[in-house]
Each structure stands twice: as structure tokens, then as C-alpha cells.
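Chain residues, written in single-letter form:
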Amino acid sequence: MKPLNASAVTQPYLDIHPEVAQALAGHQPLVALESTIISHGMPYPQNVATALRVEAEVRQHGAVPATIAIVNGRLKAGLTEAEIEILGTSGRSVSKVSRRDIPFIVAGGTTGATTVAATMVIAAMAGIRVFATGGIGGVHRGAQHSFDVSADLQELAQTPVAVVCAGAKSILDLGLTLEYLETHGVPVVGYCTPWLPAFFTRDSAFKVDYQLDTAQAIAEVMHAKWSMGLHGGLVVANPIPEASAMPRAVIDAAVEQALHEVQAQGIGGKESTPFLLARVCELTGGDSLTANIELVLNNARLAAAIASAYQCLVRQ
Ligand code: PSU
Ligand code: MN
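### Things to note about unusual backbone geometry
Okay, step 1: Residues Y44 and P45 are joined by a peptide bond in cis, for which omega reads 5°.
Okay, step 2: Among the structural elements, P45 can be located in the loop between α2 (36–41) and α3 (46–60).
Okay, step 3: Even without being a glycine, H27 presents a positive backbone phi close to 55°.
Okay, step 4: Assignment of secondary structure puts H27 in the loop between α1 (18–25) and β2 (30–33).
Okay, step 5: A relative accessible area of 43% places H27 in the partly exposed class.
Okay, step 6: The backbone of F199 shows a phi angle near 70°, a positive value even though the residue is not glycine.
Okay, step 7: Inspection of the secondary structure puts F199 in the loop between β9 (188–191) and β10 (210–212).
Okay, step 8: For F199, a relative accessible area of 2% puts it in the buried group.

### Thoughts on the confidence of the model for the protein chain
Okay, step 1: Averaged over every residue, the pLDDT of the protein chain is 95; residues scoring 70 or more account for 97%.
Okay, step 2: Within the protein chain, the element-level pLDDT minimum falls on helix α12 (residues 272–283), averaging 90, and the maximum on strand β8 (residues 162–165), averaging 99.
Okay, step 3: Confidence drops under pLDDT 50 across residues 1–6; counting only partners more than four residues distant or on other chains, this segment forms 12 contacts.

### Looking at the packing of aromatic side chains
Okay, step 1: Enumeration over the complete set of coordinates arrives at 2 aromatic pairs.
Okay, step 2: Summarising the aromatic geometry, the rings of F199 and F200 are spaced 4.8 Å apart at their centres and angled 85° between planes, so their arrangement reads as edge-to-face. The same class applies to F199 and to F200, which are both buried.
Okay, step 3: Both rings, one in W226 and one in Y310, keep their centres 5.7 Å apart while their planes meet at 85°; by these two values the pair is edge-to-face. In this pair, W226 sits in helix α10 (residues 215–227) while Y310 sits in helix α13 (residues 286–315), placing the two residues 84 residues apart along the sequence. Both residues of the pair, W226 and Y310, count as buried.
Okay, step 4: Geometry around F199 places K169 over its ring, the cationic atom sitting 3.8 Å from the centre.

### Some words on the pairing of β2
Okay, step 1: Residues L30 and A32 point to one face of β2 and V31 and L33 to the other, with burial holding for every one of them.
Okay, step 2: Where β2 lies against strand β3 (residues 64–71), 4 bridges are found, and the strand directions are parallel. The residue of β3 that forms the bridge with V31 is P65.
Okay, step 3: Inspection of the sheet shows β2 paired to strand β7 (residues 130–132) by 2 bridges, in the parallel sense. Each residue of the ladder has a partner; that of A32, found in β7, is F131.

### Side note on the environment of I38
Okay, step 1: Inspection of the secondary structure puts I38 in helix α2.
Okay, step 2: Given the relative accessible area of 4%, I38 is considered buried.
Okay, step 3: In this structure I38 touches N47, A51, T67, I84, L87 and G88, once residues within four positions along its chain are discounted.

### Thoughts on the site of ligand 1
Okay, step 1: Around ligand 1, the surrounding shell holds 13 residues, and the nearest of these are K96, S150, D152, K169 and T273.
Okay, step 2: The side chain of K96 places a nitrogen or oxygen atom 2.6 Å from an oxygen atom of ligand 1.
Okay, step 3: Within the backbone of G135, an N or O atom sits 3.5 Å from a nitrogen atom of ligand 1.
Okay, step 4: For ligand 1, the accessible surface in isolation is 470 Å², of which the surrounding protein chains cover 93%.
Okay, step 5: The class makeup of the residues in the shell around ligand 1 is 3 nonpolar, 6 polar and 4 charged.

Conventions adopted
- Residues numbered from 1 in each chain as written.
- Chains lettered and ligands numbered in written order.
- Predicted model: local features only at pLDDT ≥ 70, side-chain atom pairs only at ≥ 80, totals over all residues.
- Heavy atoms only, no water.
- Helix = DSSP H or I, 4+ residues; strand = E, 2+ residues; numbered from the N terminus.
- Buried < 20%, exposed > 50% of the residue type's maximum accessible area, 1.4 Å probe, protein only.
- pLDDT = per-residue confidence, 0-100.
- Contact = heavy atoms within 4.5 Å.
- Phe/Tyr/Trp six-rings, centres within 6.5 Å; stacked < 30°, edge-to-face > 60°.
- Lys NZ or Arg CZ within 6 Å of the ring centre and 35° of its normal.
- Pairing = 2+ DSSP bridges.
- Near = heavy atom within 4 Å.
- Polar contact = N/O pair within 3.5 Å; in protein donor to acceptor, adjacent residues only side chain to side chain.
- Areas by Shrake-Rupley, 256 points an atom, 1.4 Å probe, with all protein chains shown as cover.
- Nonpolar A, V, L, I, M, F, W, Y, C, P; charged D, E, K, R; others polar.

Written as C-alpha cells, this is what we have:
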């Protein structure tokens, strides 16, 4: 296993934003943020406004944000406002980049929005250990026929980054997602909850592996795992704030309809998740977008606290 603080110097394709580079050099807490949520997960202009608000939230809570993407063939750890604006306005015409796609976007000199998997890859290259997002990809419903399992899960098995999310959307099979993570040695931590949150709702029918109630306790697990050379990351599942949670019946109905449409229209591969996300958003009107924004901000706050606690442990 490579040393955890693999130097950016050894990464000729990576550009580190000056603010991020300064934080890395000064051993300050950092939080990586993904960009598929900007280009493919939310409509413009809310996507750009949210990306900037999330960065501000990370700063307010004592960490430095590093939004990650590929711009003109360069891997970026930390974006300028102009770059975030480009990713937001270009929307789905920007490639959705998972681990598989990274070399093609780099070699072609084009621009791509990174998924959880690709964001983890680039965060780890830069030496960033904490990452906040909305929801992770997982095992899709009907995966026994489609084999559709997000590369996010495999990335969690091999790359040392803690991913703070609001669980996973019920467009996925949450039970199979947990089984897959267990097989690959990826722990799922519930922050102040024994239940796996389901993105728009605070719980699901499934339990997490471990409940931890403080950022400090989560940081101690990260530090123990990586200090002993264990591969891979962890999922930190942070329930949506009570006031923003949505009625389960509303979400369930929208998800069922979106799943029906995806099948009827024969949509598969990397198009499946963006299609389902967009349809659930349309079918639930503005409510789901508001909830989505609130849960990402909530995750940014927790990630900043975890990054701060982790950095203290590393510095000791
Ligand atoms: N789930 C969400 N919002 C998202 C995504 C998933 O609730 O924006 C995005 C993330 O970027 C995630 C990706 O990494 O979709 C997973 O896509 P796929 O299932 O094709 O691996
Ligand atoms: Mn897939």
C-alpha cells in the first residue's frame, strides 16, 4: 500500500488549487466535494449556488473545501468559481466520470464531472481523507439481472477516504448494497443513528454496522484503520435533518414510477442513475431539491468536524 500522504509531486496530471495546497502543507483539515452532483444531480442554477454554499459551509466549520472534477484534461483538487459555473451550466453535456473514464477524459483533454468513485481516486491522490456528498451509488434493484452495481462500492473497498453521505436513495436495493459493502470489507457507520438513512428519509428497514455519536469517534476509527495499513474507505451515513425529511409515501411513489420508466425505456449503464435522479426530482417537484440541498449542507458540516478531529490525530 502506498504511503497515505502520497505526494502530489508524483501526480503529473493533478492540479491542486493554491488554497488546498496551502492547507495540505499546513496539515489543516480538508474536505473533498464531488462534481457529478453539480452537473448531473441538480438543475441549474441551484446546482452552482449549492456547490458554493457547501464550500462556504465547510469553511465555516473549520476545514478547507476541495471540489473535485476534471477540467480540460487536468485532474483538479479545488475548483475556481468560474470552473464550478462551467460544470453547472454545461449540465449533462459534461461527461459523468467514474474510475473507468478518468484516463479517457485526461487523454482527450476534455471536461468531466466526477462521481463518488472518481472523486475518491483524485482526493486520495491529493492526500485528502474526508469527502462529503449527498448519496452514494450502490447495488441497483434488479441487479441479479442487470449486474448494475455502482463502481462507488468497489472504490470504497480500495481507496482510503471516508465518505460522508445521507445513505443511499431507495432507487437502489439498500439491503444488497449493505451486503456488497460487507463482502468487500467496507464499514457503514451511522452518525447518531442505528439505522441506514435512505437519503430523503432518516431511516430505512436496515441497520448500519456501527453507530458512532461524535466526529471524534469516527476520526479514531479512520486513524486506526489506516495506521494499520488496512485498505479502503468507510461510509459515514448522516441522516437528513428532521425538518427537511420527506414523507416516505411521496418518495416511494416517485421512486417506483421512475424505476418503471427506466425499465420501459430500456435505459442502462451510466445513464441509469442520472435518469432516475432527474425523474425522482421532477416527480416530487421542488420539495426533493430543497431536501437534497439541506442534506448536502448537513453532510458538509459533519465532514468538516471529522476532518478536524482526524487532522488532530494525524498531527499527534
Ligand atoms: N446518488 C444520489 N445523487 C447523486 C449520485 C448518486 O443520490 O448525485 C451520483 C454520484 O455522483 C454517484 C453516482 O457517485 O451518481 C453513481 O452513479 P452510478 O450509479 O452510475 O455509479
Ligand atoms: Mn451503474
